[in-house]
Amino acid sequence: MDKDIVTLAIETSCDETSCAILRNGREVLSNIISSQIDIHRKFGGVVPEVASRKHIENMNLIIQEALDEAKMTFDDIDIIGVTRGPGLVGALLVGISSAKAIAYALDKPLIGVNHIEGHICANYIEHKDLEPPFTCLVVSGGHTYLIYVKDYTEYEMVGRTRDDAAGEAFDKVARTLGLSYPGGPVIDKLSKEGNPDAIPFPRVYLENDSYDFSFSGLKTAVLNYINQARQKGEEIVVKDVAASFQQAVIDVLVDKSIRLAKERKTDKIVIAGGVAANQGLRELMAQRGQEENIKILYPSNKLCTDNAAMIGSAAYFNYMKNKVSDLYLSVAPNLELI
Ligand code: KG4
Ligand code: ZN
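Because the structure is a prediction, the values reported are computed rather than measured.

1. A word on the site of ligand 1
Next up, step 1: In the region of ligand 1, 18 residues are neighbours, and His119, Gly141, Asp171, Asp188 and Gly274 sit closest.
Next up, step 2: One of the side-chain nitrogen or oxygen atoms of histidine 119 is found 2.9 Å away from an oxygen atom of ligand 1.
Next up, step 3: Aspartate 306 places a side-chain nitrogen or oxygen 3.2 Å from an oxygen atom of ligand 1.
Next up, step 4: When isolated, ligand 1 has an accessible area of 550 Å², and the protein chains bury 87% of it.
Next up, step 5: Mapped by element, the contributors of at least two residues to the shell around ligand 1 are helix H4 (115–126), helix H5 (166–176) and helix H6 (183–191).
Next up, step 6: Ranked by residue count, the leading element in the shell around ligand 1 is H6, at three residues.
Next up, step 7: Broken down by class, the residue content of the shell around ligand 1 amounts to four nonpolar, 11 polar and three charged.

2. Here we look at the sheet that holds strand S5 (residues 110–114)
Next up, step 1: Strand order in the open sheet formed by five strands is S3-S2-S1-S4-S5, with mixed pairing between adjacent strands. Unpaired on one side and paired on the other, strand S3 (27–35) and S5 mark the two borders of the sheet. The mean inter-strand angle of the sheet, taken between neighbouring strand axes irrespective of direction, is 20°.
Next up, step 2: Note that strand S2 (residues 16–23) and S3 share eight bridges and pair antiparallel. Each residue of the ladder has a partner; that of serine 18, found in S3, is isoleucine 33.
Next up, step 3: Against the sheet, helix H2 (residues 48–69) engages strand S1 (6–11), S2 and S3, with an angle of about 25° to S2.
Next up, step 4: Here helix H3 (residues 89–106) sits on the sheet and contacts S1, strand S4 (79–85) and S5; the angle it forms with S4, its principal contact strand, is near 155°.

3. Overview of the pattern of salt bridges
Next up, step 1: A full pass over the atoms with the stated rule returns 21 salt bridges.
Next up, step 2: With its nearest N and O atoms 3.0 Å apart, the salt bridge here joins glutamate 49 to arginine 53. Taken together, the positions of glutamate 49 and arginine 53, both in helix H2 and four residues apart, correspond to about one turn of that helix.
Next up, step 3: Across the salt bridge formed by aspartate 164 and lysine 172, the nearest N and O atoms sit 3.5 Å from each other.

4. What to know about the sheet that holds strand S8 (residues 154–160)
Next up, step 1: Here we have five strands laid out as an open sheet, ordered S8-S7-S6-S9-S10, and mixed in their pairing. Pairing within the sheet leaves two strands with one partner each, and these edge strands are S8 and strand S10 (295–297). Across the sheet, the mean angle from the axis of one strand to that of its neighbour is 25°, orientation sign disregarded.
Next up, step 2: Inspection of the sheet shows strand S6 (residues 134–139) paired to strand S7 (residues 144–151) by six bridges, in the antiparallel sense. The partner of leucine 137 across the bridge, within S7, is leucine 146.

5. Description of the domain arrangement of the protein
Next up, step 1: Here the protein is partitioned into domain 1 (6–121 + 304–320) and domain 2 (132–300).
Next up, step 2: Using only C-alpha atoms to locate each centre, domain 1 and domain 2 end up separated by 27 Å.
Next up, step 3: Taken together, the contact between domain 1 and domain 2 spans 17 residues of the former and 22 residues of the latter.
Next up, step 4: Interface area, domain 1 with domain 2, both sides summed: about 1,500 Å², of which 70% is carbon and sulfur.
Next up, step 5: For domain 1, the biggest contributors to the area lost against domain 2 are Ile116, Ile120 and Cys304; these three give 42% of the whole.

6. Section: the coordination of the zinc ion (ligand 2)
Next up, step 1: Donor atoms from the polypeptide that coordinate the zinc ion (ligand 2) comprise His115 (NE2), His119 (NE2) and Asp306 (OD), at 2.0 to 2.1 Å from the metal.
Next up, step 2: As a motif over one chain, the donors of the zinc ion (ligand 2) read H-x3-H-x186-D. Of the two residues, histidine 115 is situated in helix H4 and aspartate 306 in the loop between helix H10 (301–304) and helix H11 (308–320); the sequence distance between them amounts to 191 residues.
Next up, step 3: Since its relative accessible area comes to 7%, histidine 115 is described here as buried.

Analysis parameters
Residues numbered from 1 in each chain as written. Chains lettered and ligands numbered in written order. Predicted model: local features only at pLDDT ≥ 70, side-chain atom pairs only at ≥ 80, totals over all residues. Heavy atoms only, no water. Near = heavy atom within 4 Å. Polar contact = N/O pair within 3.5 Å; in protein donor to acceptor, adjacent residues only side chain to side chain. Areas by Shrake-Rupley, 256 points an atom, 1.4 Å probe, with all protein chains shown as cover. Helix = DSSP H or I, 4+ residues; strand = E, 2+ residues; numbered from the N terminus. Nonpolar A, V, L, I, M, F, W, Y, C, P; charged D, E, K, R; others polar. Pairing = 2+ DSSP bridges. Axes fitted to C-alpha atoms, helices over the stretch in contact; angles between N-to-C directions. Contact = heavy atoms within 4.5 Å. Salt bridge = Lys/Arg side-chain N within 4 Å of Asp/Glu carboxyl O. Domains from an automatic or database assignment. Buried area = accessible area lost by both parts, 1.4 Å probe. Donors = N, O, S within 2.8 Å, 3.2 Å for Na, K, Ca; no water. Buried < 20%, exposed > 50% of the residue type's maximum accessible area, 1.4 Å probe, protein only.

Next comes the structure, spelled out in structure tokens:
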């Protein structure tokens, strides 16, 4: 192999301040994540202005910690990767400004990374032999995509949500049930004790041949169920509502992913994004994958949710394809994958 490439990566798109050092895009030397969840929880969601301020406070400390843990100095860094979008504009600006300063001072290449591409690349870190092509289901707080990954950094968008993202639906239903933020992990945990067949919530498949998703009808159905039960004075069994809702989401996610993998004849489905941590989704996907002879891959929990290592991996693969930014790089809060 040619000379090793050491990447310093920064992620500040939402409420995690993170910096990572990687060797050759797959080997993580450090991945420091400072979560602000405890601060935002009392507001029931992320407060953008607070997030930006906390990123500013933490950024330099986190960068130094990442270097220290990797036993490196700035002189060892070959390329700098940073999330440029999608995300909160003020939060993204903190990461981009820091990354630009480092790239300028070291006179090293800067690579602006799409956060969603980062989530996909988390799988290259977790699964050292994983290579495209494969079918990929991206399920995060803001995005739900079904993608055919043709090559490193080459994507074909096959389906997407027409309204709420999967993670967003988890968070909104959790809020309606009076559960804490972020709702996904709480619903996941409660679902293990609840009955997924207790309430027949709708599975929305859209047109027969569609790979798109829609979760807002399901969200409304849960809301209506809760309101009607309250009006009638009936007991709401929270764990059953959680389990039935989760099952309705994952049934559709898994069905469409398997259908695409069969259509494209890929022998792998890769799951990415925060909702890839969902136990029910992992289990159902694994079960259906086994029946269809399709291998199911997903990152470990730490790499599922926001972290800079995944951004470093994406930066490396972009760099290898000469997709490099310059110091005019700007934030792109609504950036699409393709
Ligand atoms: O990918 P991510 O960390 O941030 C975005 O880029 O959006 O995803 C966060 C989302 C939140 O909506 C959170 O509720 C959801 O991922 N999430 C989960 C689980 N862990 C995190 N949803 C379902 N089950 C989980 N175990
Ligand atoms: Zn994310």
